[in-house]
Amino acid sequence: MPIFSKPPRNKKILFLNCKILFALLLFLALSHGHTKEKPTIKNVESIAPSYYDDLFEVYKFRSQQGNLEAINNLGAMYLKGLGVSRDETKALEYFLMASKSKFPPAMYHLGLIYYKGLGVDKNLKKAQHWFERAAITGDREAQFFLGLIFATEKDHPKNISESLKWFEAAAKNGMPAAQYNLAILRKKNNQAKEFDQTSLFWLKTASQKLHFESIFALFEFYSLERNRKHELRSTMNKLQTLAEQGHDRAQRLLGMTYFLGRGVERNLQEGEFWMREAASAGLESAKNDLERIYSHPDFSESDFKELIEFSLPNNLSNHHQLLVKDKENISGKISYDSLKKEQNYAQ
């Protein structure tokens, strides 16, 4: 019997299959490394300040190689003055550069620059142009601002329809401020001038993320409706959580509910505690409320509306206005994926 005999046929087939499998796995691994994934976008202020200088140099080098994320990120740092002196003109140049390749965050930034007049004259037409280009790629902040632009134009049915469309797009993309605005705009434009089931759905969705204006709207709605004790209790739990996290307007509202026994059992000590928490955080309205309460301790239920006149952004209606700005859509979007490659530069 020869020393090197031929392997059995079934072993040859197994060996061949293993070679094919190895080649396939190698191909998948290599192709995955070259697959361009959609970048994760975060706010530029999520960077730890101690890394601004290093990141600026990294982005500057990569931008010279034509890296779109780096070009946009440089623009964001110039726009916010992080690691460099604030220079809105340079920011505009970098965003225009990245926008030539249709990079969504850069197009959003251009819309924001023209919408707010950052280093340029305000120009809603140009803002709308760039927001639309970013919005169709799925950028939720661009969708949000498009909704605002159409909502603040004349009450033409087409404008309202466009506003609802873009707020809904941003709402479906998970933006609480858009979910709130969608509910408010639907209420404003239905015949009954009330929250319908769709509006309540979006308010509840936003409240799950502890969005204060949505919680406030739900609180008012459920506290005036009969047979809504369960929903009111759930809303109060969210308000309590938000207050415990240090939100001054939530603390103020929670304090008022305890003073009035609305949604909770009346408890003057608890009410005073939360009002003082809001006042100590610097909320002037809470300070004024405390003064009025102690000068008239037996205030009535009819005083409730007057005492909870919160300083919501002024825009359309006298109560529960559309939000025109939110911590989620301030300027300065960066591609977070490039940060993850830079060894824990994010806070």
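Values in this document were obtained by computation on a predicted structure and should not be read as measured data. (Residues numbered from 1 in each chain as written. Predicted model: local features only at pLDDT ≥ 70, side-chain atom pairs only at ≥ 80, totals over all residues. Heavy atoms only, no water.)

### A few points about the packing of aromatic side chains
Okay, step 1: Within this structure, the stated rule accounts for 14 aromatic pairs.
Okay, step 2: Taken together, a centroid distance of 5.4 Å and an interplanar angle of 65° make the contact between Phe221 and Tyr222 edge-to-face. With respect to burial, Phe221 and Tyr222 carry one shared label: buried.
Okay, step 3: A connected cluster of aromatic rings, assembled from ring pairs, spans Tyr108, Tyr115, Phe131, Phe144, Phe145 and Phe167. (Phe/Tyr/Trp six-rings, centres within 6.5 Å; stacked < 30°, edge-to-face > 60°. Buried < 20%, exposed > 50% of the residue type's maximum accessible area, 1.4 Å probe, protein only.)

### Some remarks on the packing of helix 5 (residues 104-116) against helix 7 (residues 140-151)
Okay, step 1: Where helix 5 contacts helix 7, the axes come no closer than 10 Å and their chain directions differ by 35°. For helix 5 against helix 7, the interelement crossing comes out left-handed. Two secondary-structure elements touch here, helix 5 through Tyr108, Leu112 and Tyr115 and helix 7 through Glu141, Ala142, Phe145, Leu148 and Ile149.
Okay, step 2: Classifying every residue of the contact of helix 5 with helix 7 gives seven nonpolar, no polar and one charged. (Axes fitted to C-alpha atoms, helices over the stretch in contact; angles between N-to-C directions. Helix = DSSP H or I, 4+ residues; strand = E, 2+ residues; numbered from the N terminus. Left-handed = near helix turned anticlockwise from the far one by under 90°. Contact = heavy atoms within 4.5 Å. Nonpolar A, V, L, I, M, F, W, Y, C, P; charged D, E, K, R; others polar.)

### Quick word on helix 8 (residues 157-172)
Okay, step 1: Taking 1.5 Å of rise per residue, 16 residues should cover 22 Å, and helix 8 covers 22 Å from first to last C-alpha, within 8% of that figure.
Okay, step 2: Within helix 8, burial applies to Asn159, Ile160, Glu162, Ser163, Trp166, Phe167, Ala170 and Ala171.
Okay, step 3: At its buried positions, helix 8 is contacted by helix 6 (124-135), helix 7, helix 9 (176-188) and helix 10 (197-208).
Okay, step 4: Where helix 8 terminates, the next one or two residues include Gly174, which has phi positive at roughly 90°. (Expected span 1.5 Å × (residues − 1).)

### Concerning the environment of Met107
Okay, step 1: Here Met107 is to be found in helix 5.
Okay, step 2: What makes Met107 buried here is its relative accessible area of 2%.
Okay, step 3: Those residues in contact with Met107 that sit more than four places away from it in its chain are Ser99, Lys102, Trp130, Arg133, Ala134 and Thr137.

### What to know about unusual backbone geometry
Okay, step 1: One non-glycine residue, Lys193, adopts positive backbone phi at about 55°.
Okay, step 2: Topologically, Lys193 is positioned in the loop between helix 9 and helix 10.
Okay, step 3: Taking relative accessible area as the criterion, Lys193 reaches 48% and is therefore assigned partly exposed.
Okay, step 4: For Leu210, which is not glycine, the phi dihedral falls at a positive 60°.
Okay, step 5: You can see Leu210 is positioned in the loop between helix 10 and helix 11 (212-224).

### With respect to the environment of Arg140
Okay, step 1: Inspection of the secondary structure assignment puts Arg140 in helix 7.
Okay, step 2: Taking C-alpha positions, Arg140 is 9.5 Å from Tyr108, a pair spaced 32 residues apart along the chain.
Okay, step 3: A polar atom in the side chain of Arg140 sits 3.2 Å from the backbone oxygen of Asn173.
Okay, step 4: Within polar-contact distance, the side chain of Arg140 engages the backbone oxygen of Gly174 at 2.9 Å. (Polar contact = N/O pair within 3.5 Å; in protein donor to acceptor, adjacent residues only side chain to side chain.)

### Observations regarding the packing of helix 12 (residues 229-244) against helix 13 (residues 248-260)
Okay, step 1: At their nearest, the axes of helix 12 and helix 13 sit 8 Å apart, and the two run at 130° to each other. In terms of orientation, helix 12 lies oblique with respect to helix 13. For helix 12 against helix 13, the interelement crossing comes out left-handed. On the side of helix 12, the interface is formed by Met236, Leu239, Gln240, Leu242 and Ala243, while helix 13 contributes Ala250, Gln251, Leu253, Leu254, Thr257 and Tyr258.
Okay, step 2: Broken down by class, the residue content of the contact of helix 12 with helix 13 amounts to eight nonpolar, three polar and no charged. (Parallel < 35°, antiparallel > 145°, perpendicular 65-115°, else oblique.)

### Some thoughts on the confidence of the model for the protein
Okay, step 1: Of the residues in the protein, 72% have a pLDDT of 70 or more, and the chain-wide mean is 80.
Okay, step 2: Predicted confidence for residues 1-7 stays below pLDDT 50, and this span has one contact to residues more than four positions away or in other chains.
Okay, step 3: With pLDDT under 50 throughout, residues 336-347 is counted as low confidence; its partners more than four residues away or in other chains account for 34 contacts. (pLDDT = per-residue confidence, 0-100.)

### Concerning helix 15 (residues 284-295)
Okay, step 1: Look at helix 15: 17 Å from first C-alpha to last across 12 residues, which is about the 16 Å you get at 1.5 Å a residue.
Okay, step 2: By the burial criterion, the buried members of helix 15 are Ser285, Ala286, Asp289, Leu290 and Ile293. Seen end-on, helix 15 carries its buried residues on one side only, within an arc spanning 140°. (Arc of directions from axis to C-beta.)

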